[in-house]
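Structural features, examined
Here is how the chains run, residue by residue.
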Amino acid sequence: MLSDARTRSIVIQCALVAAVIGTATLLVNTTFANLQTRGIPIGFDFLTTPSRIVISEAILSYKSRDPYYWAIVVGLANTVFISALVIVFSSVLGLIVGVTRLSSNPLAAGTCRVWVEIARNSPPIVLLIFLYSLWWKVLPPVGEALNPIPGVFASMRGVMVPSVHIDMETAGVALIFLAGLLLLVARTAGALRRFRSRLSWAAAAVLLLGLWVADAGFWTDWPVFAGSNFQGGLELTPELSTILIGLTLYTTGFIAEIVRGGVLSVGPGQWDAGRSVGLSRTQILRLIVIPQMLRVIVPPLNSQYINVVKNSTLAIAVGYPDFLAVMNTIISKSSHSIEGVFIILGVYLALNLTLSSAANWYNRRIAIVER
Amino acid sequence: MPVQTWSAPLLASLRRTIGLLFGSPLNATLTLAFGAMLTVALPPMLRWLVLDAVLFNPDPAACRAASGACWSFIYAKSGQLLFGIYPVEERWRPALVCLMILALLGWSVRPASWTLRLLRLWIGALALIAWLMGGGLGLGEVPTSAWGGLPVTLILTVVAIGIAFPAGILLALGRRSTMPAVRIAAVIAIESVRGLPLLSILFVASIMLPLFLPEALLPDKFVRALVALTIFAAAYLAEVVRGGLQAIPKGQYEAAAALGLPFWRTQYLVILPQAIRVVIPALANTIIVMIKNTSLVLVVGLFDLISSGKAALADPAWPSPAAETFLFIGAIFFALSFSFARFADFLERRGPAAR
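A brief report on the enclosed structure follows. Note that the coordinates shown come from a computational prediction; the quantities given were computed from them, not determined experimentally. (Residues numbered from 1 in each chain as written. Chains lettered and ligands numbered in written order. Predicted model: local features only at pLDDT ≥ 70, side-chain atom pairs only at ≥ 80, totals over all residues. Heavy atoms only, no water.)

1. With respect to the overall build of chain A
- From N to C terminus, chain A includes 11 helices and eight strands.
- For chain A, with 371 residues in total, the buried portion stands at 42%.
- Entry remark: accessible area of chain A is about 20,400 Å², with carbon and sulfur atoms responsible for 68%. (Helix = DSSP H or I, 4+ residues; strand = E, 2+ residues; numbered from the N terminus. Buried < 20%, exposed > 50% of the residue type's maximum accessible area, 1.4 Å probe, protein only. Areas by Shrake-Rupley, 256 points an atom, 1.4 Å probe, with all protein chains shown as cover.)

2. Some points on the overall build of chain B
- Across its full length, chain B holds 17 helices and zero strands.
- Its C-alpha atoms give chain B a radius of gyration of 26 Å, clearly above 20 Å, the size a compact globule of 355 residues would have.
- Each of the three principal axes of chain B carries a C-alpha extent, and together these read 70 × 70 × 40 Å.
- For chain B, the share of sequence-separated contacts (at least 6 apart) that also reach a separation of at least 24 residues comes to 67%.
- Carbon together with sulfur atoms contributes 71% to the accessible area of chain B, which is approximately 17,800 Å² in total.
- In chain B, 26 positive and 15 negative side-chain charges are present, and the distance between their average locations comes to 13 Å. (Rg over C-alpha atoms; globule rule 2.2 N^0.38 Å. Contact = heavy atoms within 4.5 Å. Lys, Arg positive; Asp, Glu negative; His and termini not counted. Charge placed at Lys NZ, Arg CZ, Asp CG, Glu CD.)

3. Overview of the pattern of salt bridges
- Per the stated rule, a full pass over the model turns up 12 salt bridges over all chains.
- Salt-bridge contacts for R101(A) lead to E257(A); the nearest nitrogen and oxygen are separated by 2.7 Å. Of this pair, R101(A) sits in helix α2 (residues 68-101) while E257(A) sits in helix α7 (residues 238-265), placing them 156 residues apart in sequence.
- Taking relative accessible area as the criterion, R101(A) reaches 15% and is therefore assigned buried.
- What makes E257(A) buried here is its relative accessible area of 16%.
- The residue E257(A) makes a salt bridge to R260(A) at a minimum N-O spacing of 3.1 Å. Of this pair, E257(A) and R260(A) both sit in helix α7, three residues apart, which is roughly one turn of the helix.
- Since its relative accessible area comes to 23%, R260(A) is described here as partly exposed.
- Bridged by salt links that share partners, the residues R175(B), E191(B), R194(B), E239(B) and R242(B) form one connected network. (Salt bridge = Lys/Arg side-chain N within 4 Å of Asp/Glu carboxyl O.)

4. Re the interface of chain A and chain B
- Residue-level contacts link 53 residues of chain A with 53 residues of chain B.
- Between chain A and chain B lies a buried interface of about 4,300 Å² when both sides are counted; carbon and sulfur atoms form 74% of it.
- The interface formed by chain A and chain B contains two salt bridges.
- Among the ionic pairs, E117(A) bridges to R342(B), the shortest N-O distance being 3.6 Å.
- Here chain A is connected to chain B by 11 residue pairs in polar contact (both at pLDDT 80 or more).
- Of all the elements in the fold, those that place two or more residues in the side of chain A that touches chain B are α1 (5-38), α3 (106-121), α4 (124-138), α7, α10 (323-334) and α11 (337-366) of chain A.
- Here the residues of the side of chain A that touches chain B sort into 30 nonpolar, 17 polar and six charged. (Buried area = accessible area lost by both parts, 1.4 Å probe. Polar contact = N/O pair within 3.5 Å; in protein donor to acceptor, adjacent residues only side chain to side chain. Nonpolar A, V, L, I, M, F, W, Y, C, P; charged D, E, K, R; others polar.)

5. A look at the pairing of strand β2 (residues 152-155) of chain A
Residue and element names in this part refer to chain A.
- Both faces of β2 are covered, namely the face carrying V152 and A154 and the face carrying F153 and S155.
- In terms of strand pairing, strand β1 (residues 146-149) meets β2 through two bridges, oriented antiparallel. Bridging from a neighbouring strand, L146 pairs with A154 of β2.
- Counting the residues between successive antiparallel strands, the hairpin from β1 to β2 contains two residues, one of them, G151, with a positive phi of roughly 90°.
- Two elements, β2 and strand β3 (residues 158-161), share three bridges in a ladder whose sense is antiparallel. Residue pairing in the sheet places F153 in a bridge with M160 of β3.
- Linking β2 to β3, which pair antiparallel, is a turn of two residues. (Pairing = 2+ DSSP bridges.)

6. Structural notes on the state of the cysteines
Residue and element names in this part refer to chain B.
- The full count for this structure, using the stated rule, is one disulfide over all chains.
- A disulfide bridge connects C63 with C70, and the sulfur atoms are separated by 1.9 Å. Here the disulfide of C63 and C70 is right-handed, its torsion about the S-S bond being about 85°. C70 matches C63 in its accessibility class, with the two residues each being buried. (Disulfide = S-S within 2.5 Å.)

7. Re the environment of P321(A)
All names here are of chain A.
- With respect to the secondary-structure elements, P321 resides in the loop between α9 (281-311) and α10.
- Residue classification places P321 among the buried residues on the basis of a relative accessible area of 10%.
- In this view, P321 contacts I55, S56, E57, G75, N78 and V326; residues no more than four positions away in its chain are not counted.

8. Examining the packing of aromatic side chains
Residue and element names in this part refer to chain A.
- Tallied over the full model, the rule gives 12 aromatic pairs over all chains.
- Pairing F323 with Y348 gives two aromatic rings, centres 5.5 Å apart and planes at 70°, and the pair type is edge-to-face. In this pair, F323 sits in helix α10 while Y348 sits in helix α11, placing the two residues 25 residues apart along the sequence. Just as F323 is buried, Y348 falls in that class too. (Phe/Tyr/Trp six-rings, centres within 6.5 Å; stacked < 30°, edge-to-face > 60°.)

9. Concerning unusual backbone geometry
- Of note in the backbone geometry, R52(A) takes a positive phi value of approximately 55° without being a glycine.
- Residue position: R52(A) is located in the loop between α1 and α2.
- Of note in the backbone geometry, S320(B) takes a positive phi value of approximately 55° without being a glycine.
- For S320(B), the position within the fold is in the loop between α15 (305-313) and α16 (322-349).
- Look at S320(B) and you get partly exposed, because its relative accessible area is 37%.

10. Topic: the packing of α7(A) against α9(A)
Residue and element names in this part refer to chain A.
- Interaxial distance between α7 and α9 falls to 9 Å at its minimum, and their mutual angle equals 165°. By the criterion of interaxial angle, the relationship of α7 to α9 is roughly antiparallel. As for the relative orientation of α7 and α9, their crossing is right-handed in sense. Here L247, Y250, T251, F254, I255, I258, V259, G262, V263 and S265 of α7 come into contact with α9, specifically with M293, V296, I297, P300, L301, Q304, Y305, V308 and N311.
- Broken down by class, the residue content of the contact of α7 with α9 amounts to 14 nonpolar, five polar and no charged. (Axes fitted to C-alpha atoms, helices over the stretch in contact; angles between N-to-C directions. Parallel < 35°, antiparallel > 145°, perpendicular 65-115°, else oblique. Left-handed = near helix turned anticlockwise from the far one by under 90°.)

11. Side note on the sheet that holds β2(A)
Residue and element names in this part refer to chain A.
- Across the sheet, which stays open at both edges, the four strands sit in the order β1-β2-β3-β8 with antiparallel pairing between neighbours. With partners counted over all chains shown, the strands left at the sheet margins are β1 and β8 (234-236), one partner each. With direction set aside, neighbouring strand axes in the sheet form an average angle of 25°.
- Where β3 and β8 come together, three bridges link them in antiparallel fashion. Bridge pairing links M160 to E235 in β8.
- Packing against the sheet, α7 makes contact with β3 and β8, and its axis sits at approximately 70° to β8.

12. Points about the nonpolar core
- Judged by nonpolar contacts, the single largest core of 130 residues is most densely connected at I330(A), I155(B) and L202(B).
- For I330(A), the residues in contact, after removing those within four places along its chain, are F46(A), I53(A), Y68(A), A71(A), I72(A) and S335(A).
- One finds V86(A), V152(A), L240(A) and L301(A) within the second-largest nonpolar core, a separate group that totals 31 residues. (Core = buried A, V, L, I, M, F, W, Y, C linked by side-chain atoms within 4.5 Å.)

What follows is the structure, encoded as C-alpha cells:
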C-alpha cells in the first residue's frame, strides 16, 4: 500500500498533522496544569491595571501609575525610535563607506575596510558593552562638554541635541494643508509631473519654515549650558547614545558591503554606453547606474533594516528600556508570562511584516519586468 | 637604456603609491581627510593601548598609577576570563575541551576531510567533551551552572550548528515538498522563527519551557539556551539550503528518477551534495552569525565569555578595567569569526574547482 505515491503522501501528511496537534495538546494541557498548581490567573485584563513598573527613560511620557498597556506602548516607541534613527544614520554612512571602499586611494579604502571587517566579525552586544564602558573614560564632565557641531554637546551625562516641538493642532492643520497641496499637484497636467515631488517638498519646507519663523506651534529648542547643567534641547542619555552609536557602527559595516556589491554589479560597459549616447556623468549615474544598483541592493538592504529592529533588543545589555526589556519586566512583575510572550511574538512579527511589505512594494516598483 | 639598480622597483612602487594617494583632486582630498582623521585618532589610541599601558606587571597598584590600558589584569585574570566560574583546580578540563574543539574545527574545514568519518569523529569528540566538562566516571562532577567562558561559547556554537544543520536540511526539503501539509508546516516554522529577534526566542525558551513541560522533564538553563540557539540556526540554515536546492537544474531530478532512485536516495546521493556545495559561502556566513549569536546567552544568565568578564571585573582589588576586558573578549570573537570569514572567501575562490 505504501508503494503508491498518493497513498504514501496522504499517510505522511496525516501523521505530521497528528503529531503537531498531539504535541500542541500535550503542551497546552501541561501548561494549564502548571498554571493551576501555581495559582496563576490567565487573561489580558491586567493590561488596564496600573503597572507600577519603572521605565528609566522614554520618548513618550510615562509615569509608574500608568496602566500596563501604556508601558508596552512606551517600550515599543523606544524600539521604533532607536530602529528608525539607526536605519537612517547607517544607510547614509553605509553609502559613503561602501563607495569609499571602492576608491583607488589605499588610505581611504583601507580605513573603511578595517571598519567593515570589525563590524562584520564582532558580536554587536560586545561592541555595545565596550562602547558603554568607554563612555565615562573618554567624555569630559558636563562643565567641559564637547561641542563638535553647533547645538550638539557631548559629556559624561549624555548627548544634548536641539529638539523640535510641534503642537498637535498645528501639525493637524499643516498635514491637511500638505495633503491638499499634494492632491492638487498630483492632479495637474503631465507637464508638471517631473516637478511635482520637488514642488511639494519645497512647499512643505516653506510651510515649516513659515511656522517656525512665526513661532506658531512649531519651534526648536537649543540646549544651553546654564550654571551646572544644560537647559532645553533633547537629552540622549549615555545608554541611548551608546545604542545609537554602536548599532549604527555595526549596521554600517553590513550596508557598506551591500552598497559595494551594488556598485560592482553595474558593469563598466553601462558607463561606456551612457557616454556613447552623450549623457553627462550625473545623468549616467541618475538614469542608468543608480536604477540598476537599486534592484540589486533593495532586497538585502531590507533584511538589514529588519536586523536593525531585531538588534535593537540588545539595548537590554546597557540597560535601555526597549520593547523587549519592558516586556521582560512586565512578565516578571505581573506573572502573566503567556500573554506577555504572545504580545512579544505578535509585535515583532507585525513590525517585520510592515517593514518587509513596504520594501517589497518598493522592490516591485523598481524590479525589471520581464516578458 | 637606463641602468637598473636595486632601488628601481622600490622607487616605482613609491611613485605608484604617491600617484594613488595624490593623483587626482578627489584622491588628494580623500588622503588629506583620512590622514587628518587618523593622525587625530591613532596617537592617543597607541599611547593608551601600548606606550602608557601596564603590560605584565601583576600589581593592581601599577594599573592605578598608569594612564594607559591595564593589560596585566587580563594577564592575571585570564583563567577566570576564559573559564568563568569553573572550579579552579579543574581548569585543565575546559582548556583541553577548547583545544579539542578548535583543533577539530581546523581539521573539519579542509574539504578533503568531509567524509562520514568526520561525522563519527565529531560524535566521539562530543561525548568526550561532555565527559570532560561534566565529569563522572573518575572525574569530579561539575554541573552546567558552573560552566563558563570560552568552552560555553564554543560548545553552544558547535552543538547548535551540528543539530541545526540536519534539521535545517529537513525544513528546506519540507518547504519544497509537493505535500501541502508538510510545506505549510515548514513555511510557518521557518518564517515565524526568522521574524523574531534571537533574544526574544531565548526569553521565550527560558520563560515558557518551565510552563510547557512537566517539572521532571525540565532541562537546565544551558540546555534551554542551546534549544533556542538550535531552533534559530535551523530556520536560517533552512533558507540557505533552500537557495542551494533551487540552484539544482530539473535534469538532475529527472536523471535520478530515470535511475529509479527513491526520494531519500535521490536527495542524499544526487541533490544535497550539489546543493550544499553551491551554498558553502552562505553557510560559512551563517556559522559566523551563530558564533556571534552565542554572546547573547548572557542575557538569560548563562556564564559565557561576557559574563565571566563581568564577574572578573567585580574584583575590588583591581581598578576594574572594563574597556580592556571587553576589548579582549571582542578580540576572541573577532579571531574566531574573522578566520571563518577568510575560510569562506577561500572556498568561494576555489568554488568552480570544487564541482
